[in-house]
Each structure stands twice: as structure tokens, then as C-alpha cells.
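# Working through the structure, step by step
Single-letter residue listing:
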Protein chains: 2
Amino acid sequence: MSCLTDMVVVTYLIESAGDPEALAYKIAHDQSTGTFVPLAGETPELKARVSARVVDIRHLSPVGIPSFPQEAGAREYRRIEADIAYPVAAVGPDLAAIMTITMGGVFSIRGFSGIRIRDIALPQSFRNAYAGPQFGTSGTRMLTGVEGRPVIGTIIKPALGLRPHETADLVRDLVDAGVDFIKDDEKLMSPAYSPLEERVKAVMPVILDHEQKTGRKVMYAFGISATDPDVMMRNHDIVANAGGNAAVINIQSVGFGGMAFLRKRSRLVLHAHRNGWDILTRHPGLGMDFKVYCKFWRLLGVDQMQINGIRAKYWEPDESFVQAFSDCTTPIFAPSDICMPVVCSGQWGGQAPETWKRTGKTLDLLYLCGGGIVSHPDGPAAGVRAVRQAWDAAAREIPLAVHANTHSELRHALETFGQLDLA
Amino acid sequence: MSCLTDMVVVTYLIESAGDPEALAYKIAHDQSTGTFVPLAGETPELKARVSARVVDIRHLSPVGIPSFPQEAGAREYRRIEADIAYPVAAVGPDLAAIMTITMGGVFSIRGFSGIRIRDIALPQSFRNAYAGPQFGTSGTRMLTGVEGRPVIGTIIKPALGLRPHETADLVRDLVDAGVDFIKDDEKLMSPAYSPLEERVKAVMPVILDHEQKTGRKVMYAFGISATDPDVMMRNHDIVANAGGNAAVINIQSVGFGGMAFLRKRSRLVLHAHRNGWDILTRHPGLGMDFKVYCKFWRLLGVDQMQINGIRAKYWEPDESFVQAFSDCTTPIFAPSDICMPVVCSGQWGGQAPETWKRTGKTLDLLYLCGGGIVSHPDGPAAGVRAVRQAWDAAAREIPLAVHANTHSELRHALETFGQLDLA
């Protein structure tokens, strides 16, 4: 493999009624030197230096239904996984270039009945090309003062419509309830009824008052995303200058450019929302695996990455969530490029034992509960206690029902949400 | 419809084995006020102000095969088109916000067997929110001095591997051949063997010499895309300061943020490559129509948009290309927001008559030929003449075979490429 030391290796799932291997070679050809006229200057050396090449092919079981609808039916569609190596010399250590060359035109090639990017392996030349997460898990723990358990957070609801003073009223209840982290819904940025500046002015005094009283600063992530990076940076400064320490970034909407611009200048923990990622990943034969997507955004500087959770309210199956958790926490080059997984969607603590068991028995996560905290029958403070109790039981591998015998908040949570969650 | 004057209306294709209408209402709910707890401050007025609502539903024919694979099979999957209106008051006139709210989380909702964004209608409040194209068709014509026919261009091949002096040698042949426009392959940005700065230094003197001799300045679009907007802007300045007037932007790789940052500062014609767009659009039951995508990028400032062409070498069917051409050239708010369609992929002039007939009998396009010019049997100058002759015949509605009787370059092109193209 020494010949691959300065190669970007991309793994494609290729599906075709024809010859998927030929399509793998076509990708390698089209996405590097691809041309239809032989050129005078095209020496074998030059070609070898910049050509992509197929380095491995693995045959998978064929499928009966094509991923892209096909006019002419076939009895079966063959599937392979192909590893294609692209020389960094031909690309440069630039993620936008990698995206363009290894993925950009690939999905347009004729003959596929399906095509999905499964993985990408980056060589050492990318190690220092991007800053990566500035805070990650350790920074989040330091800023929130939470050790020995997950950081427990919640999301302001309703998603849209609250005025700044209404948001601040909710925040007051939530910080009093003992949450470690609060965030704007990702859909809330800076609409006329709640301009970011007004919201920061209303919310930050509540956070700072609570810090002064208790010594604990709740991390509040404000929605600062904007199309224009200059506007996003101005939003960043509004939050940072008011003493805030985190921001929600809709990474898919601001794009690589918005994120790269922000990361270079950021003083905030960047909490990423994968808005639109599902377009790329929900069909298992098309698009790309989260693993690939996650590597790009981690290198670009995401500190906290929202994924789903066990028994999420969205479409994602549990095994896909478990894989996503691993995708966030497996080093690319070094542990410093890990981002903190944000487990959410329909969480209330009841999923803590299964999350613990299936994600490597770690407490290094941000656990976001919406209704699980605010709709607890004894109020949000009891909700927070119930979630902590659930995680404490999970980490000690005590069944929740047993732990609930001596912990009333957990017992009431089980009674209220247990049925819903198992429904 | 007066109630929709300050609404963003998004049209969704919804497919489900269950009740697609219920899913339309679920989108409207989840993507605006969506919450699972009734809140004290949630007055009906507030809700009305920020709630999205379903304003029209059209029933389509059901399909037998689901767009997303389903574990439990069903006999048929119902399809509707639903128009959902989002108040700008709840969103703000920001494209990243629109993308997040109307598309971001939508694809994650359970119960779909398919979901695709078909259209988006933006209200007048967006009219001046974005700069739109700076040059467009009229600017391209002014800078190239081409009137009364399509602007004819070509792409440097091979895509990767040529050193700057080799690129310059090819450029010399191509400007001598009479092309109006040349571009870097979108996969070429700034690799080690051809750093942008060196390439500009090698190519621009050829362009400027030719201008001095002939009075005609060939437009050369250099690949300036980079992940970091500051780097992209430095690349922009290298091109502009050397007398260049155009750049290739891989819009999908730089994202809204990269494009917005560049457009505010740009002195160049921005030629967009939709690298990765196919991931979003190839499956007809998933992702989004080009129409939607195109509106976003036009508002963000794309001057020239690469689409495919009739009988393209890629997967896209002709009717989809024809629609894309219309998507580029239909005003959103005003004719100034039109971008110039770039027709390419396997073009050589033989497709001119059909392109003419099916795209509104217009000559306002950039027509890119690769092999059609450089592989012409009598050389590239004959190739350019053949393409001009084909368009001249097309616009006068003279059959190519007739026109070829008196135009030898076109005749040789027909003999060489006619079989290939029809194969």
C-alpha cells in the first residue's frame, strides 16, 4: 500500500444491469485524465502522475429492484464496492477539489442503476490542511463544567414564533431546571419577530445571572447561520461579545465556504445541524454514507454534530444512528479531530441503556431531550433529574425499572414516556 | 392569492403507501411551529403569523415501485403535489434559512416512500435581497463581442495533467481557431503541477496577444474554486489582475457561503459548474428539480450555468435538458436575473437544429464543444467554422444536410460526428 501514501481513496457502491466493474474503471478515467482525443504532450509519466486508478473491487449480492428507476427492466442489478485512488498531486489538499473530482460528475455517468459513496480515506497530507474542531468534547466539558456523565441539553420549542422575551422566559425555567445546554431550533436564525441581536440581548442576561448565582454557565447555542459569511460572522460576534459561547450552524445551507470562513475566525463552539443531509443519504443505494459527510465537516471544524438517537422520531434506523455515532468519534488522523456526538430526536432517558451499550459504553456525548425534559409530569427540573438518573443507571448497567424504584423522577418518566417510546 | 404575497411557496412531490395528504400537513407543521407541548404564550395570532400552511394539493397517478425501498411492500404508492406556504415573517429573506426551513428536515420525516422538491416561488421581498447575475448573457456578449449567434466555446482537455505551458500551447491553437470562450475543466483548480497563479501567467499573455492582434478578447474561465473563501478570493484577484474576465465556480463544493462571499466582491463572469447536482436530481422521485436549485444559484449571482445538451453523453434525458434551459432563462423577478445557459456534453453542432427548435428559437446561449471542435478532421479552426455553420443553418431552419452541400467544414463534421452522435 506504500503507493497509496499520497492518494485519496474513495469507496463507491456501484449498481448496474450491465458491468459494474467497467463503470468503476470509467469513473477512474472520467474523473481524472478523461478525454476523447490523444494529446501530443500526454506522456505515460504524466498520465501515471495524475490518473485515478481502481485499487480494489469487492462483489456484493445483486438486487432485484434498481435504485434509479430503469426504463428497460432487468432480472437483476449487479453490485460491487470499488476503491478508487486519486493522487493528491492531481487534486491538491482541498476539500472542495476532492468533492468536485471524486464525487461531482460521478453521479451523471450513464449506465448506473445506483451509485453511492461509501467511504473516503484521506492521506497524511490532509492532516494539517484543515483546522478541525476547536473545542470538541473536551472543550464542551470544560465550558459546561460537566464531568462523568453526558452533557444534558434541550431545544427551545416551538421551533418558530417565540419573541425574544418569551424565549428568555423559557430559558430561565430551563437553566433553573438544571440543563447544561440549550439551543435554538435549527430553523430559528434571525426572523423579523426574533432578530438574533434582540434574542441574544434577552437570553444572555439569564445565562449570566445563573452563572453568577451558581458558578455554572449553561451553554446556549444561538442560530447564527446566514447565506452571507459576513453576516454570519457579524452574528457570531454578537453572540461572543455578549458572553455567549456556542452557535448552531446549518452546515448544509452555509456550505463548505461558509463553514471554512467562520471556523478561521470563530471563538464559539460550533454545533452543526445536518439540515438536508437526509437528501443525500436516505436511499441506501444512492448518495453518500454519513461517514463520508462527517469526515468533511469535522475537518472543517464542527465541534458538536447532531445525529439522531435510538428510536428516533425520524426515519433513520437505530443501526444507522449507531454507525453515525462511531463516524463522529473515530479519529481521522488524531483524537483531536473527533467531534462530540449530539444524540437527539425523541430522547427522554429511556434510550440511555441501549445507547450506552451500542455506542462503546461512553459518556462523551451531548444528550438532547425536548419533551423528555419539558413535558415531565413533575416539571422540567424533574425531567433533567430523570435523564441524569437514567444515564447513571445505564453506565452502572442497572435496569431502569430497578433504578426507578428508588428514583421517583425516573419512575414518573418511565410511566409517562415509556409507553410512548415503545409504541 | 393576496394572502400569499409575503409567503415562500414550495411545491413538494410526496409519495407514500399511507396518506400523502397527511404528510403534507405534517411537513407544514414540523417545519414551522412543530412542537409536542402546548405552550402558555402560544396565542392563535402568533401561530397564524409564523405557521406554514398547505395551500393546494394535486393528486397524481400512484406508482408501483417506491422511490425509497420499503421493508413492507404495498400494492401501490400514492403521489400528490402539495404547495406549502411559509410566511417570510417566520423565515427572513435569507436563502440559507429558506433551505433549512423548507427542505432541511423534510427528507427525514417518516412515512414517505418518496419526497422531491418540485418548485419554489419567492415573494417580492426577495427581489432585492440578492444581487443576482452581474454579467449574464448581455455581459458575456459585450465582453466577447459576439452578436447574432451563440457564443462558441471549448474546454481544455485532458481534464487533469497538463502543465501551465502545455495548457497555454493548447490555448494558442484554440484562440487561433476562432473560439469565443475557453474554460478549465471543472476538475482543475490549483494542483501542484498547475498552480492557478502559474496557469494564469502562462495563459493570459496568449489571450492578450490575440486580443491585440485581432481586437477580440477570448473569454477564458479559470478554475478558482477553493474551500476557503479567502483563498477563492485571492484566486479571483490573480485572474482579474492579469486581465482575465471569467472564472469557473464549482457551486456545489463551495456552497452558498462561498458563492455569496465571492459575488459581493467579484469583477469576473462567474461560470457555474453544478458538480454534485446530479446527486440531488437523478432519481425522479427524490431530491429536487433543477428549477429549484437554479433559482437559488441565480439569485446568488451565477452568470453562466452549465447544463447538458441534446443527446448529452451523460444520463440526462433531452426533455430534462430542455426544461433546464427554460429554468435558466425564465425571469424570477426580472430579466436581469436570467443566467446564460451553457449547453454542453457531446456537442458538435449536429444538435443545433433540435436545440434551436426546443429551447425557444434563441441564440442566447454559450455552446461548448470539446471533441466537436478539437477532433474535427480538418483541425480546430474548421471545427469552429462547422459549429458556426450548424447554428447558422439551424437559425435559418435550413436542414444541416442541405447547408453542408455548400459548407465543407460542416459536411466533414457531419461525416465524422454524425454517426457517432446518432449511435
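See the structure printed just above.
Starting from 1, residues in each chain are numbered consecutively following that chain's sequence as written. Lettering for chains starts from A, numbering for ligands starts from 1, and both go in the order in which the items are written. With the structure being a predicted model, the display of local features is reserved for residues of pLDDT at least 70 and the display and counting of side-chain atom pairs for 80 or more, all residues being used for whole-chain, interface and lining totals. Remark: hydrogens and water are excluded; side-chain values derive from all non-hydrogen atoms of the structure.

To continue, consider the sheet that holds strand 2 (residues 53-63) of chain B. Residues and elements named next belong to chain B. For two strands to pair, DSSP has to find at least two bridges joining them. The helix count covers DSSP runs of H or I at least four residues long, the strand count covers runs of E at least two residues long, and both are numbered beginning at the N terminus. Taken in spatial order, the 5 strands line up as 2-3-1-4-10 in an open sheet, and their pairing is mixed. Two strands lie at the open edges of the sheet, namely strand 2 and strand 10 (286-288), each paired on one side alone. With direction set aside, neighbouring strand axes in the sheet form an average angle of 20°. As paired elements, strand 1 (residues 7-16) and strand 4 (residues 114-121) share 7 bridges and run antiparallel to each other. Counterpart to Val10 in the pairing with strand 4 is Ile120. Any pair of residues with heavy atoms lying within 4.5 Å of one another is described as a contacting pair. Inter-axis angles, ranging from 0 to 180 degrees, are taken between N-to-C directions of lines fitted to C-alpha atoms, where helices are fitted over the stretch in contact. Taken strand by strand, helix 1 (residues 20-30) contacts strand 1, strand 2, strand 3 (77-87) and strand 4, and its axis lies near 25° from that of strand 3. Against the sheet, helix 11 (residues 290-299) engages strand 4 and strand 10, with an angle of about 45° to strand 4.

Taken together, 8 strands build a closed barrel; the order of strands is 5-6-7-8-9-11-12-13 (chain B) and the barrel is parallel. Strand-to-strand twist of the sheet, defined as the mean angle between neighbouring strand axes without regard to direction, takes the value 25°.

So, on to the state of the cysteines. Whenever a pair of cysteine sulfur atoms sits within 2.5 Å, that pair is classed as a disulfide. Applying the stated criterion across every chain yields a total of 0 disulfides over all chains. For A:Cys344, which is in no disulfide, the shortest distance to another cysteine sulfur is to A:Cys369 and amounts to 9.5 Å. This cysteine, B:Cys328, is not joined by any disulfide, and B:Cys339 carries the nearest cysteine sulfur, 3.9 Å off. Its relative accessible area of 0% is what places B:Cys328 among the buried residues. Note on exposure labels: buried denotes an accessible area under 20% of the residue type's maximum, exposed denotes more than 50%, and partly exposed covers the range between, all computed with a 1.4 Å probe on protein chains only.

With that settled, the discussion passes to helix 11 (residues 290-300) of chain A. All names here are of chain A. Buried residues dominate helix 11, accounting for 10 of its 11 residues. Among all positions in helix 11, only Phe290, Val292, Tyr293, Cys294, Lys295, Phe296, Trp297, Arg298, Leu299 and Leu300 are buried. Positioned one or two residues after helix 11, Gly301 has a phi angle of 115°, which is positive.

Attention now moves to the relation of the copies chain A and chain B. To superpose the copies, least squares is applied to the C-alpha atoms of every residue with a pLDDT of at least 70 in both. Each copy superposes on the other: chain A lies on chain B with an RMSD of 0.0 Å after a rotation of 180° and an axial shift of 0.0 Å. Accordingly, the operation relating the two chain copies is best matched by a two-fold axis. Closest approach to the rotation axis within chain A is made by the C-alpha atom of A:Gly255, at a distance of 2.0 Å. The share of interface residues of chain A whose copies in chain B are also at the interface is 100%, consistent with both copies meeting through the same surface.

Attention shifts here to the nonpolar core. Counting residues in each nonpolar core, the largest one holds 245 residues, and the members touching the most others are A:Met305 and B:Met305. When residues in this core are grouped by element, the largest group, 8 residues, is from helix 11 of chain A. Leave out the neighbours within four places in its chain, and B:Met305 touches B:Ile251, B:Ala272, B:Arg274, B:Phe290, B:Cys294, B:Trp297, B:Cys328, B:Cys339, B:Met340, B:Pro341 and B:Val342. Put simply, buried Ala, Val, Leu, Ile, Met, Phe, Trp, Tyr and Cys residues joined by side-chain atoms within 4.5 Å make one nonpolar core.

This part is about the interface of chain A and chain B. With 87 residues of chain A at the interface, the matching set in chain B holds 87 residues. Buried area, as used here, totals the accessible surface that two parts lose on assembly, with accessibility defined by a 1.4 Å probe and the loss added over both. Approximately 7,000 Å² of surface area, both sides summed, lies buried where chain A meets chain B, with 61% of it carried by carbon and sulfur atoms. Of all residues in chain A, the largest losses of buried area upon contact with chain B belong to A:Thr227, A:Ile279 and A:Arg282, amounting jointly to 10% of the total for that side. When a carboxyl oxygen of Asp or Glu lies within 4 Å of a side-chain nitrogen of Lys or Arg, that pair is called a salt bridge. Across the chain A-chain B interface, the total number found is 6 salt bridges.

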